[in-house]
Amino acid sequence: MTGVIRARRVLTEQGWLDDHQLRFAGDTIVAIEPIPAGDRERDVELLCPAYIDIHVHGGDGLDVMDEEDGVLDRLALRKAREGVGAWLPTTVTAPFESIDRALRRIAKRCQQGGPGAEVLGSYLEGPYFTPQNKGAHPPELFRELNEAELDRLIDASQNTLRVVALAPEKPGALAAIRHLKKRGIKVMLGHSAAGYDETVAAFDAGADGLVHCFNGMTGLHHRNPGMVGAGLTDKRAWLELIADGHHIHPAVMKICCACASPRVLLITDAMSAAGMPDGDYAICGQQVKMQQGIVRTASGGLAGSTLSLDAAVRNLVNDVGIAAEEAIHMASLHPAKMLGLDEALGSLAAGKRASMIGLDSALRVQTLWVNGSAVPL
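Now for a look at the structure at hand. (Residues numbered from 1 in each chain as written. Predicted model: local features only at pLDDT ≥ 70, side-chain atom pairs only at ≥ 80, totals over all residues. Heavy atoms only, no water.)

## A look at the pairing of strand 20 (residues 365-370)
Remember that side chains alternate between the two faces of the sheet whenever the strand is regular. Note the threshold: A pair of strands counts as paired when DSSP detects no fewer than two bridges linking them. In DSSP terms, a helix is any run of H or I states spanning at least four residues, a strand is any run of E spanning at least two, and both are numbered starting from the N terminus.
Pairing of strand 19 (residues 356-359) with strand 20, which is carried by 4 bridges, proceeds in the antiparallel orientation. Within strand 20, the position partnered with L359 by the bridge is V365. The loop that links strand 19 with its antiparallel partner strand 20 comprises 5 residues; one of these, L363, has a positive phi angle of about 65 degrees. Bridging between strand 20 and strand 21 (residues 373-374) involves 2 bridges; their strand directions are antiparallel. Looking at the pairing, V370 lines up with S373 of strand 21. Here strand 20 folds back onto strand 21 in antiparallel fashion, the turn holding 2 residues, of which N371 has a positive phi close to 50 degrees.

## Considering the sheet that holds strand 11 (residues 161-166)
In spatial order, the strands read 10-11-12-13-14-15; together these 6 strands make up an open sheet with parallel pairing. Where the open sheet ends on each side, the last strands, each with one partner, are strand 10 (122-125) and strand 15 (264-266). Inspection of the sheet shows strand 14 (residues 238-241) paired to strand 15 by 3 bridges, in the parallel sense. Its bridge partner lying in strand 15, L241 is registered against L266.

## As for the packing of aromatic side chains
The line we're drawing: Aromatic pairs are defined between Phe, Tyr and Trp rings, using the six-membered ring for Trp, whenever the two ring centres lie within 6.5 Å; interplanar angles under 30 degrees are classed as stacked, those over 60 as edge-to-face, and all others as tilted. Throughout, exposure labels follow a simple rule: accessible area from a 1.4 Å probe, protein chains only, divided by the maximum for the residue type, with under 20% read as buried, over 50% as exposed, and the rest as partly exposed.
As enumerated under the stated definition, the model contains 1 aromatic pair in all. Taken together, a centroid distance of 6.1 Å and an interplanar angle of 90 degrees make the contact between F129 and F142 edge-to-face. Of this pair, F129 sits in the loop between strand 10 and helix 3 (147-156) while F142 sits in the loop between strand 10 and helix 3, and the two are 13 residues apart along the sequence. For the pair F129 and F142, one class covers both residues: buried.

## A closer look at the environment of L309
Formally: Contacts: residue pairs with any heavy atoms within 4.5 Å of one another.
Here L309 shows up in helix 8 (residues 309-320). For L309, a relative accessible area of 0% puts it in the buried group. Sequence separation between L309 and T160 is 149 residues; the distance between their C-alpha atoms is 23 Å. With sequence-adjacent residues up to four places away left out, L309 is seen in contact with Y51, I52, D53, E82, V84, L266, I267, T268 and A331.

## Digging into the packing of helix 3 against helix 4 (residues 173-182)
Stated precisely, the cut-off is as follows: Note on method: axes are straight lines fitted to C-alpha atoms, helices fitted across the in-contact stretch only, with angles between N-to-C directions ranging 0 to 180 degrees. For any helix crossing, the convention is left-handed if the near helix is rotated counterclockwise from the far helix by under a right angle, and right-handed if that rotation is clockwise. Lys, Arg, Asp and Glu make up the charged group, whereas Ala, Val, Leu, Ile, Met, Phe, Trp, Tyr, Cys and Pro make up the nonpolar group; the residues left over, Gly among them, are polar.
Where helix 3 contacts helix 4, the two axes come as close as 10 Å, and the packing angle between them is 35 degrees. Once helix 3 is placed against helix 4, the crossing between them reads as right-handed. Taken together, the residues of helix 4 that come into contact with helix 3 (itself represented by E147, L150, D151 and I154) are A175, A176, H179 and L180. Class assignment of the residues belonging to the contact of helix 3 with helix 4 gives a composition of 5 nonpolar, 1 polar and 2 charged.

## Here's the deal with helix 8
Quick reminder of the rule: How far a helix is expected to stretch is found by multiplying one less than its residue total by 1.5 Å.
Over its 12 residues, helix 8 runs 16 Å from end to end, which matches the ideal 16 Å to within 8%, given 1.5 Å per residue. Counting buried residues along helix 8, 10 of its 12 residues qualify, which places the element largely inside the surrounding structure. For helix 8, the set of buried residues is L309, D310, A311, A312, V313, R314, N315, L316, V317 and V320. The inward-facing, buried residues of helix 8 contact strand 5 (51-56), strand 8 (84-89), helix 7 (250-260), strand 15, helix 9 (324-330) and strand 20. Positive backbone phi, approximately 85 degrees, marks G321, located one or two places after helix 8.

## Looking at the packing of helix 7 against helix 8
Between two packed helices, both the angle of their axes relative to each other and the distance between the axes serve to describe the pair. We apply this condition: What sets the label is the angle itself: under 35 degrees gives roughly parallel, over 145 gives roughly antiparallel, 65 to 115 gives roughly perpendicular, and the rest give oblique.
Where helix 7 meets helix 8, the closest approach of the two axes is 10 Å, and the angle between their N-to-C directions is 100 degrees. Overall, the two elements helix 7 and helix 8 adopt an arrangement that is roughly perpendicular. Between helix 7 and helix 8, the residues in contact are P250, M253, K254 and C257 and L316, D319 and V320, respectively. Its residues placed into classes, the contact of helix 7 with helix 8 shows 5 nonpolar, no polar and 2 charged.

## Observations regarding the nonpolar core
Selection criterion: In this description, a nonpolar core means a group of buried Ala, Val, Leu, Ile, Met, Phe, Trp, Tyr and Cys residues linked to one another through side-chain atoms lying within 4.5 Å.
Within the largest apolar cluster, 118 residues are counted, with the highest numbers of intra-cluster contacts made by W87, L166, L189, L266 and L316. Considering every element that reaches this core, the biggest residue donor is helix 8, with 7 residues. Aside from chain neighbours lying at most four places away, what touches L266 is I52, L241, A243, L309, A312, V313, L316, A327, M330 and A331. Formed by 12 residues, the second largest nonpolar core is a distinct cluster that contains A7, L22, I29 and V44.

Right under this line is the structure:
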């Protein structure tokens, strides 16, 4: 399949190109070039790299942990409507056997392909956390870190496990981080009571960043910088950000972007209630309630989000004042770099994969191509 997409503006890593067109053949971008003089037709307003959501638990009433056939296909179609061309289905703290089965299902979908957004692999969030900042994760199911057990999970994923989240103060955490890094797996830190020094030590051991920065961790204090202070100031750290205005105040988003703009990863952390009406839902095996789009546990804690990734981009632009190109990079180029996939994904350039979105002037998704194929939205 070959194609040409003419755009009023095309976003590259270097910035916007006015009145350019992108040519692709099969799943690969062939060229980005000026539109020939006299051609006044435009297929899209803004042509940008497809978004990558590395942290997704569910949506449309479905959960990644659900065992019914077709769940991952339906979630992939939901992500496509957000302009997401690729994503990581994300597990939660659960009995070990449930996590094992979830990783096997994700591996099968990753290898076989299917409709909607491409599944790049899995993200293990839990059970290697500590109770103090547990969020919605059930602490009675937390486990100790064990390299042999981690290898069992990697084997269950058929080497499609891409990210493991853990609390760095747990016994054996630094050795586990080094072990996972040798296996080619990214390590994110969260749901933790670790302090600044423990967090920096984890980065020294190879950890890659913070799980949903500011949420589920020790905060920033002027005499005790905590996990947040370590993440904001350590240039090795990628920072996941849930830009919904509920998990993080817009002023704090602005602080985060001022400190670490090149390291921000926009995520949704979306759970099953995303895209659904207010009511009762479940996550991590416990009942939660959504009111006005905000999901909380019985004790009042936040329990995942109902955010879409395209809305996260718009929120940064409209509520925080981040430039559109910068916010789009946080949802595309930065996740690709964090996963080590930026030679193929995350930006538009000749030789990269033809995964891209057409946006209108308000940054709303109009069209999506995944690996050169148009995806119905």
